[in-house]
Amino acid sequence: MKVPFFNYPARYAEDHETIKNIVYQIGTSDDFILKENVLELEEKIRNYTGAKHAIATSNGTSALTIILRAMGVGPGVDVLTPAFSFISTASTIVLLGGRPIFVDVDPLTGMMDPCDLEAKITPQSKVIIPTHLFSVMADMSAIYNIAKKNHLLVLEDSAVSLGARMNGKMAGMLGDVGLYSFFPAKPLGGIGDGAIIVTNNDELGKMCWMLRNHGQDGINRFVHHHLGYNHRMDETVAAYLVHKLSRYDQLLARRSKIGSDYNEAFKDLYPQIQVVNETAYDRVYYTYVLQVENRDNFRQFLHEKGIETQIYYPLALPLQPAFSFLKHQEGDFPVAEGIAKRSIAIPLYAEMPDEHIEYVVQSVLQFVSVVNAHV
Ligand SMILES: Cc1ncc(COP(=O)(O)O)c(C=O)c1O
């Protein structure tokens, strides 16, 4: 059996006609960028999340850039960001001239560790970026309390968590500003890059809105109040997302069913395999990540069974070659470095057939029994 990690053709299968119509209608209209479909998507995301402001952008990385700029990040400003994350949560800080202060992570979830966060705050710190990855969330209550005690802003990187809920609030609405990415692999995947910023903060919302489109105010064209960006969303992307949002909760429910099946099947495999099988919040299963002691052997075992896997992420961020100028050493972030050596994602997507799920479960269990037979 071949079990792919993602299956894009299956994901878009029921939308062929819709996509054809969207591309044809918008491609032959006068309205290509930031027009009625973008406005409709922004309204629908406001309704879905309860956010006061929603600002659609070209991708999640540009959303992070805009938010950090709006928060005043630049030379002389420090931003606290997790040592285990996707590159954007740190590269955007550096590209604006700020300094990333890496924070180690929780050993089970791999998300920002509030104790290390508190220890790392510098006098120049202005922003904290708690990030939610895979299907788990950072401890937002603890992080938000630390932020407010120290007069820091919270940029919640909820790029992969649209629909997750903690303490009765949507992921993305637990800090000062949040964002969701619509990169095709994401739970609400589009037909190209895209993202949206959400906030209840009027001042930050207005600034993000202006920075997205060259610092203009939407009233006086070609009058630029700030040096902004072209980080706008295309109408085709927005129109498809509006369409797909209507069945998003159904897609999440299917992801959640697969995630729960995996949780149940793998909950007793420690110490060979560790999963986060219970949380105090409603999870969105973007990817399903296991921590495996013998990751290379595990990956090879699944490969031989025809099961594709991914490594999210092979290196702790401070040890990425691109950050060598920060002079971090191996051992500076022991938890993040350990997780980077152990974490591996197995297939999980809404259209995944039941027989593939069962086959993945059986293969993982078989690996553990083979390992146990040799100890
Ligand atoms: C946690 C996180 N933040 C930000 C991004 C950036 O989003 P985009 O790919 O839309 O630029 C990603 C993308 O994978 C991500 O996983």
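Residues numbered from 1 in each chain as written. Predicted model: local features only at pLDDT ≥ 70, side-chain atom pairs only at ≥ 80, totals over all residues. Heavy atoms only, no water.

Q: Can you help me understand the site of the ligand in this one?
A: Around the ligand, 14 residues are found, and the nearest of them are Gly60, Thr61, Asp157, Ser181 and Lys186. In the environment of the ligand, a nitrogen atom lies 2.6 Å from a nitrogen or oxygen atom belonging to the side chain of Asp157. Between Ser181 and the ligand, the recorded distance is 2.8 Å, taken from a side-chain N or O atom to an oxygen atom. Protein coverage of the free-state accessible area of the ligand, which is 390 Å², stands at 92%. The leading source of residues in the shell around the ligand is helix H4 (residues 60-70), at three residues. Split by residue class, the shell around the ligand holds six nonpolar, six polar and two charged. (Near = heavy atom within 4 Å. Polar contact = N/O pair within 3.5 Å; in protein donor to acceptor, adjacent residues only side chain to side chain. Areas by Shrake-Rupley, 256 points an atom, 1.4 Å probe, with all protein chains shown as cover. Helix = DSSP H or I, 4+ residues; strand = E, 2+ residues; numbered from the N terminus. Nonpolar A, V, L, I, M, F, W, Y, C, P; charged D, E, K, R; others polar.)

Q: What's the story with helix H3 (residues 36-49) in this structure? I'm lost.
A: Compared with an ideal rise of 1.5 Å per residue, which puts 14 residues at 20 Å, H3 spans 20 Å between its outermost C-alpha atoms and is within 8% of the ideal. Considered for burial, the residues of H3 that qualify are Asn37, Val38, Leu41, Glu42, Ile45, Tyr48 and Thr49. Taken around the axis of H3, the buried residues stretch over an arc of 140°, which confines them to a single face. Across H3 from its buried face, at more than 90 degrees, point the exposed residues Glu36, Leu39 and Asn47. Just past H3, the residue Gly50 takes up positive phi, approximately 85°. (Expected span 1.5 Å × (residues − 1). Buried < 20%, exposed > 50% of the residue type's maximum accessible area, 1.4 Å probe, protein only. Arc of directions from axis to C-beta.)

Q: Quick question: what am I supposed to make of the domain arrangement of the protein here?
A: Splitting the protein by domain gives domain 1 (8-103 + 110-245) and domain 2 (248-373). In this complex, domain 1 contributes 36 residues to the contact, which on the side of domain 2 involves 29 residues. Taken together, both faces of the contact between domain 1 and domain 2 bury some 2900 Å²; the carbon and sulfur share is 68%. Counting across the interface, domain 1 meets domain 2 through zero salt bridges. Summed over the shared surface of domain 1 and domain 2, the result is 11 residue pairs in polar contact (both at pLDDT 80 or more). At the level of elements, helix H1 (8-12), helix H5 (88-95), strand S3 (99-103), strand S6 (165-166) and helix H9 (235-245) are the ones that each hand at least two residues to the side of domain 1 that touches domain 2. (Domains from an automatic or database assignment. Contact = heavy atoms within 4.5 Å. Buried area = accessible area lost by both parts, 1.4 Å probe. Salt bridge = Lys/Arg side-chain N within 4 Å of Asp/Glu carboxyl O.)

Q: It is not clear to me how the sheet that holds strand S10 (residues 273-274) should be interpreted in this structure. Could you clarify?
A: Where strands meet in a sheet, backbone hydrogen bonds hold them as pairs that are either parallel or antiparallel. Taken together, the three strands give an open sheet; going across it, the order is S10-S11-S12, and neighbouring strands pair in antiparallel fashion. At either end of the open sheet lies a strand with only one pairing partner, and these are S10 and strand S12 (343-346). Here strand S11 (residues 288-292) pairs with S12 via four bridges, running antiparallel. The partner of Leu290 across the bridge, within S12, is Ile344. Against the sheet, helix H12 (residues 334-342) contacts S11 and S12, and its axis sits at roughly 40° relative to S12. (Pairing = 2+ DSSP bridges. Axes fitted to C-alpha atoms, helices over the stretch in contact; angles between N-to-C directions.)

Q: I tried to follow the nonpolar core on my own but got confused; where do I start?
A: A general tendency of soluble globular proteins is for nonpolar side chains to be buried together. Leu41, Ile45, Phe84, Phe182 and Met233 are the most contacted members of the largest nonpolar core, which totals 65 residues. Among the elements of the structure, H3, strand S1 (53-57), S3, helix H7 (140-149), strand S9 (195-199), H9, helix H10 (248-266) and H12 are those that each provide at least two residues to this core. The element contributing the most residues to this core is H9, with five residues. A domain-level breakdown of this core finds at least three residues from each of domain 1 (8-103 + 110-245) and domain 2 (248-373). Excluding its chain neighbours within four sequence positions, the residues that come into contact with Met233 are Ile33, Leu34, Val38, Leu41, Ala56, Thr57, Ser58, Phe182, Gly194, Ala195, Ala238 and Leu241. Formed by 29 residues, the second largest nonpolar core is a distinct cluster that contains Leu96, Val127, Val160 and Ile197. (Core = buried A, V, L, I, M, F, W, Y, C linked by side-chain atoms within 4.5 Å.)

Q: Sorry if this is basic, but what is going on with the pattern of salt bridges here?
A: Pairs may arise between side chains of opposite charge once their charged atoms sit close together. The final tally for this structure, using the stated rule, is 14 salt bridges. When the shortest N-O distance is used, the salt bridge between Glu42 and Arg212 registers 2.8 Å. With Glu42 in helix H3 and Arg212 in helix H8 (residues 202-212), the pair connects residues that are 170 residues apart, well separated along the chain. The residues Glu42 and Arg212 share a single accessibility class, namely buried. Its salt-bridge partner being Glu293, residue Arg342 comes within 4.0 Å of it at the nearest N-O pair.

Q: How should the sheet that holds strand S2 (residues 78-82) be read in this particular structure?
A: Strand order in the open sheet formed by seven strands is S1-S9-S8-S5-S4-S2-S3, and the pairing between neighbours is mixed. With one partner strand each, in any of the chains shown, S1 and S3 form the two edges of the open sheet. Geometrically, the sheet is characterised by an average inter-axis angle of 25° between neighbouring strands, direction not taken into account. Judged from the two bridges that link them, strand S4 (residues 125-128) and strand S5 (residues 153-156) form a sheet pairing that is parallel. Counted as the bridge partner of Val127 is Leu153 from S5. Sitting on the sheet, H4 touches S1, S2, S4, S5, strand S8 (177-181) and S9, and the angle it makes with S8 is about 165°.

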